[in-house]
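Working through the structure, step by step
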Amino acid sequence: MGPLERFVGSASIAYFSMEIALDPAIPTYSGGLGILAGDAARSAADLDLPMVFVTLACRQGYLHQEIDARGVQHDHPEPWDLSAVARPLSAMVAVFIEGRAVWIRPWLHVLKRAGGAIPVLLLDTHLTENDRRDRDVADRLYGGNEAHRLAQEIVLGIGGEKVLRALGFSIATYHLNEGHGALLPLALLRQHPRPPSHVSTDMFPYDRERVLERCVFTTHTPVEAGHDRFGYELVGRILGRYIDLPMLQQLAGAGSLNMTQLAVNLCGYINGVAERHGETTQKLFPGYVIRSITNGVHPETWVHPAFARLYDRICPRWRHEPEFLAYADILPPTDWFAAHEAAKSDLLAAIQRATGQALDPSVLIVGCARRMTAYKRADLILENLPRLMELAGEYPIQIVFAGKAHPRDGDGKRMIARIADAARRATGRVPIVFLPDYGFAQARMLVAGADLWLNTPLPPMEASGTSGMKAALNGVPSLSVLDGWWIEGCMEGVTGWAIGTPDMPAEAHGAALLDKLQQVILPLFYKDRGGWARVMAGAVSKCGSVFTSHRMMRRYMSEAYRGHLVWRPR
Ligand SMILES: *Cc1c(COP(=O)(O)O)cnc(C)c1O
């Protein structure tokens, strides 16, 4: 049997994502969405689920970030070697983009873990068969203009579905991780003409019910403005007459093609990524049933080895059943501190290597790393710098930032520059470090080595957020605005702390953040070590045990992927 054959007969669920963080050597992800998809894949392998994952082989990666002395981000491509991590498959399929046939070759990466292995198909367009213009379609994640983006979504949705058929997969359930893959159910629709006897109330010559029962859609965007949209003129030029325009307008919106709208109209199971996000999405789409499955992170990937050794001692089954991490709270403070010290010294060494700056291991480190984009408000803690400096005179504090701004996100880039400027002004009072090129490896170090994980999104913009979950697995409590997953995870003073109250105006969050630091968190950290160890234990046993991708994937299996129980190939 070849490397693929063993999966072809058994994988019946296909997971589609524009980005998947599989490995630090495969930098085809930009942030949380890709990390989530990667954690889903790792759990699927651990749990030996019958799944295949499909994504683009962006050979130029997403963005290698360089920050200069003035805090200006310089964008570079991040080329990587596809042939080192995947092998080309012989099947090729073509899709039509702007009237030209664009060939796609899938590459197979096998993600192996202790529990099992799953296939990941990376779709490549860098082929001599293709017109020069088309070779780069899948080269740079989220690169190029709108036309380029639509072309990428054609390759993912329409091309990915074709590739699975060409390879012989018999897929019962398709899971779209965000709307980028929403052309896939459209491709399915064309394969299910309505039987002549079928009575239907809508105008479609297709059997929409059959598509609905096979497709699952997870949305990650809490606001209307965040949805991918394409004007129909552009769609006509790039996609051609793939499907009748009035019908497409009925499915995807009259004025422009809204990928989220298209997905909700063709997927029978729709969910948000945290309870609050499900509710927000329900308001955007009244008349549809919107459920929620709260995100989670892959335990073994995000637990620092020093903590893994502790958990192996107390609850050895945690790798397969992370719910058992609930037992970890019986560990004594000395164990928590020793493991954390190891994680913190790894972080300090990494910071020294990357920036030349030496932080003090005895001083509290606030970790704040995320995509640098306006709604995340990463620099909120610096809003009142004089007060922060004064506070640090009483209780010393150090801050580590990291995060990439999308090359075209001017607000995000200005945020990085503001952080650099504040770092200069706070010199000698509050050490502020910016760790460049935030990615998988940097994140692993940061979420375990910081003492406190800070999250300051503008509600309700944080659909879920996951980095605080990674921190919790390492006994690092969160200080976060009540949005996304933290509404479910926050037990004040037990698992971490909230910034402000749910109904507080967002402009008051900056002051509330410093209040909580000054009045509660810093005194606890410096004056009540036993109390601090209890919060570390609370973070692991109450959040770390729950917000895992194992739980998330088990829920998708039992609640969302039910199509594969009823669907039979015809
Ligand atoms: C976890 C992670 C994210 C997502 O973090 P949020 O808390 O959702 O902002 C982004 N980038 C990397 C590299 C990560 O590991």
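Computed from a prediction, not measured in an experiment: that's the story for all the values here.

Analysis parameters
- Residues numbered from 1 in each chain as written.
- Predicted model: local features only at pLDDT ≥ 70, side-chain atom pairs only at ≥ 80, totals over all residues.
- Heavy atoms only, no water.
- Domains from an automatic or database assignment.
- Contact = heavy atoms within 4.5 Å.
- Buried area = accessible area lost by both parts, 1.4 Å probe.
- Salt bridge = Lys/Arg side-chain N within 4 Å of Asp/Glu carboxyl O.
- Polar contact = N/O pair within 3.5 Å; in protein donor to acceptor, adjacent residues only side chain to side chain.
- Helix = DSSP H or I, 4+ residues; strand = E, 2+ residues; numbered from the N terminus.
- Nonpolar A, V, L, I, M, F, W, Y, C, P; charged D, E, K, R; others polar.
- Phe/Tyr/Trp six-rings, centres within 6.5 Å; stacked < 30°, edge-to-face > 60°.
- Buried < 20%, exposed > 50% of the residue type's maximum accessible area, 1.4 Å probe, protein only.
- Pairing = 2+ DSSP bridges.
- Axes fitted to C-alpha atoms, helices over the stretch in contact; angles between N-to-C directions.
- Near = heavy atom within 4 Å.
- Areas by Shrake-Rupley, 256 points an atom, 1.4 Å probe, with all protein chains shown as cover.
- Arc of directions from axis to C-beta.
- Core = buried A, V, L, I, M, F, W, Y, C linked by side-chain atoms within 4.5 Å.
- Parallel < 35°, antiparallel > 145°, perpendicular 65-115°, else oblique.

Partitioning the chain into domains gives domain 1 (5-193 + 206-296 + 552-560) and domain 2 (299-547). Listed per partner, the contact involves 39 residues of domain 1 and 38 residues of domain 2. Between domain 1 and domain 2 the total buried area reaches about 3,000 Å² when both faces are included, carbon and sulfur atoms providing 54% of it. The largest contributions to the domain 1 side of the interface with domain 2 come from Gln65, Gln73 and Arg276, which together make up 16% of the buried area. With a shortest N-O distance of 4.0 Å, Lys404 and Glu78 are connected by a salt bridge. Remark: the boundary between domain 1 and domain 2 carries 15 residue pairs in polar contact (both at pLDDT 80 or more). Elements with a contribution of two residues or more to the side of domain 1 that touches domain 2: helix H2 (32-46), strand E3 (64-67), strand E4 (73-76) and helix H11 (275-284). Split into classes, the residues belonging to the side of domain 1 that touches domain 2 amount to 15 nonpolar, 13 polar and eleven charged.

On inspection of all chains with the given rule, the structure shows 16 aromatic pairs. Aromatic pair Trp485 and Trp486: ring centres 5.1 Å apart, planes at 65 degrees, arrangement edge-to-face. Each member of the pair, Trp485 as well as Trp486, is classed as buried. Measuring from centroid to centroid gives 5.7 Å for Trp497 and Trp532, while their planes differ by 25 degrees, and the two rings are stacked. Here Trp532 lies in helix H21 (residues 529-544) and Trp497 lies in strand E20 (residues 496-499), a separation of 35 residues in the sequence. Side by side, Trp497 and Trp532 carry an identical accessibility label, which is buried. Three or more aromatic residues joined by ring pairs make a cluster, and in this case those are Tyr395, Trp497, Phe525, Tyr526 and Trp532.

If you walk across this open sheet you meet the six strands as E17-E16-E15-E18-E19-E20, and the pairing is parallel. Edge positions in the sheet fall to strand E17 (432-434) and E20, since each has one partner strand and no second. Here the average twist between neighbouring strands, direction ignored, is 20 degrees. As judged from the four bridges shared by strand E19 (residues 478-481) and E20, these two strands associate in the parallel manner. Along E20, the bridge assignment pairs Leu479 with Trp497. Where helix H16 (residues 410-425) meets the sheet, it contacts strand E16 (397-402) and E17, and its direction lies at approximately 145 degrees from that of E17.

Neighbouring residues of the ligand: 13 residues in total, closest Lys376, Ala443, Thr466, Ser467 and Lys470. Contacts to the ligand include Lys376, whose side-chain N or O atom sits 2.8 Å from an oxygen atom. The contact in question runs from an oxygen atom of the ligand to an N or O atom on the side chain of Ser467, over 2.5 Å. Summarising the interface, the protein chains cover 96% of the accessible area of the ligand, which totals 390 Å² for the free molecule.

Attention now goes to helix H8 (residues 232-239). Turning to H8, its buried residues number three or more, namely Tyr232, Leu234, Val235, Ile238 and Leu239. All buried residues of H8 lie within an arc of 150 degrees about the axis, which places them on one face of the element. Packed against the buried residues of H8 are strand E6 (93-97), helix H5 (146-167), helix H6 (183-191), strand E11 (229-231), helix H9 (245-252) and strand E12 (256-258). Two residues or fewer after H8 comes Gly240, characterised by a positive phi angle close to 70 degrees.

Here we take up helix H10 (residues 259-266). Among the eight residues in H10, seven count as buried, and that is most of the element. Here H10 has its buried residues at Met259, Thr260, Leu262, Ala263, Val264, Asn265 and Leu266.

If you look at the biggest cluster of nonpolar residues, it comprises 97 residues, and the most contacted ones within it are Tyr311, Trp336, Ile381, Leu382 and Leu517. Structurally, this core is a two-domain feature, drawing no fewer than three residues from each of domain 1 (5-193 + 206-296 + 552-560) and domain 2 (299-547). Sequence-distant contacts of Trp336, that is, excluding residues within four places in its chain, are made with Phe307, Tyr311, Ala328, Leu331, Ala533, Met536, Ala537 and Val540. Core analysis: the next-biggest nonpolar cluster, separate from the first, contains 77 residues, Leu89, Tyr142, Leu183 and Leu257 among them.

Another aspect to go through is the side chain of Gln65. If you trace the backbone, Gln65 turns up in strand E3. Of the polar contacts made by the side chain of Gln65, one reaches the backbone oxygen of Gly403; its length is 2.8 Å. Setting aside residues up to four positions removed in sequence, Gln65 forms contacts with Gln73, His74, Gly403, Lys404, Ala405, Ile416, Phe434, Pro436, Asp437 and Tyr438.

Right, let's get into the pattern of salt bridges. Within the structure shown, the criterion is met by 31 salt bridges. Of the charged contacts, one joins Glu462 and Lys376 as a salt bridge, the two residues approaching to 2.9 Å between their closest N and O atoms. Of this pair, Glu462 sits in the loop between strand E18 (452-455) and helix H18 (467-473) while Lys376 sits in the loop between strand E15 (364-369) and helix H15 (385-394); the two residues are 86 residues apart in sequence, bridging distant segments of the chain. Here Glu462 matches Lys376 in class, with each residue buried.

Our next topic: the packing of H2 against helix H22 (residues 549-560). As a packed pair, H2 and H22 sit with axes 9 Å apart at the nearest point and diverge in direction by 75 degrees. Taken together, the axis directions place H2 and H22 in an arrangement best described as roughly perpendicular. Residues Leu36, Asp39, Ala40, Ser43 and Asp46 of H2 lie in contact with H22, whose contacting residues are Ser549, His550, Met552 and Met553. Tallied by class, the residues present in the contact of H2 with H22 amount to four nonpolar, three polar and two charged.

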